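Structure assessment
If you want the building blocks of each chain, they are given just below.
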Amino acid sequence: MKKTVILLAMLGLVLSSCSKLERNEKKYLDGILSEDYATSNQAMAEFNKWMTADEATMTYDFNLMREKLGMKIVDSPDGKLRCYSWITSRGDTICNYANIVQMIVNGQMVGYAGPLEVMLTGRKPAVGRQWSLSHSIDTIYQLEAKPQPIYLIEQSYVNETGLSFSYLSAAAPNGVLLKILPFFFNGIETAGNRGYVDDGKVNKKDLIKWDAKEGKLYSYMTDDQNHVIPGKYETYVLGVNQFTKVDEPQNDNNKTENINN
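Overview of the structure. (Residues numbered from 1 in each chain as written. Predicted model: local features only at pLDDT ≥ 70, side-chain atom pairs only at ≥ 80, totals over all residues. Heavy atoms only, no water.)

1. Description of the overall build of the chain
The helix and strand tally for the chain stands at four helices and 13 strands. Within the chain, the proportion of its 261 residues that are buried is 45%. Accessible area of the chain: about 14,300 Å², with a carbon and sulfur share of 52%. (Helix = DSSP H or I, 4+ residues; strand = E, 2+ residues; numbered from the N terminus. Buried < 20%, exposed > 50% of the residue type's maximum accessible area, 1.4 Å probe, protein only. Areas by Shrake-Rupley, 256 points an atom, 1.4 Å probe, with all protein chains shown as cover.)

In structure tokens:
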């Protein structure tokens, strides 16, 4: 009898927690989508505050926001890093994004609302520098390293000329922040970041590939007209916590069949 009562009580707590998360999601979504500018801004500020303080949100699905906002959620393989991004507005050529980052530090969640790129590099955002703004956060890979794992974070954006970009940064926890690891990709900060024409034929999943089994990273290449060259990649080999570029043309898709697995 006691076991039954305890189980029912625990179930009640779980349902109550889920209900609160669902209520908050709907409340903030309604506010963010409001046509009143002040209401929308206030809802966004309150949503950011909630997301950076409530650890329960880190395992919540946000199905409504995925559907209505196009919110993208990506998690690290170890479950200790979660990133959110979504388009807040579209201009003639560029898209404006929102970013939220959640991370487990010493067993507790810490949160950050703002451009992931600013958190990583410590540089201030500037409208004239597209790379410093909030972007779409697409994928998180993980490298096992000591004293803590290294995360490879893929982001993408569209610049003022209409060219698309995808790039990979390497970062590691530093206190309550994620900090970029400089010179990680053959002496530079990022892999990729070539402007390309998104003509609707580009499979974004094929732009940057990580083959964990072989320890190789593949980054897309473009021609003189900024078109992605199908099946051709810059190749990087993982050494001691750093990638080195090698001459290894990739024109055969069979060579990358294990990538991203």
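2. A short note on the environment of L152
Topologically, L152 is positioned in strand β6 (residues 150-158). C-alpha of L152 to C-alpha of W210: the two residues are 58 residues apart in sequence and 9.5 Å apart in space. Excluding its chain neighbours within four sequence positions, the residues that come into contact with L152 are T139, I140, Y141, L143, L168, S169, A170, F184, F185 and F243. (Contact = heavy atoms within 4.5 Å.)

3. Some points on the sheet that holds strand β13 (residues 243-246)
The strand order across the open sheet formed by four strands is β10-β11-β12-β13, and the pairing between neighbours is antiparallel. Edge strands, defined here as strands with exactly one partner in the open sheet, are β10 (208-211) and β13. Mean inter-strand twist for the sheet, computed between neighbouring axes without regard to direction, equals 35 degrees. Relative to β13, strand β12 (residues 228-238) runs antiparallel, the two sharing four bridges. Paired with T235 across the two strands is V246, which belongs to β13. (Pairing = 2+ DSSP bridges. Axes fitted to C-alpha atoms, helices over the stretch in contact; angles between N-to-C directions.)

Any functional reading would require information that these geometric values do not contain.
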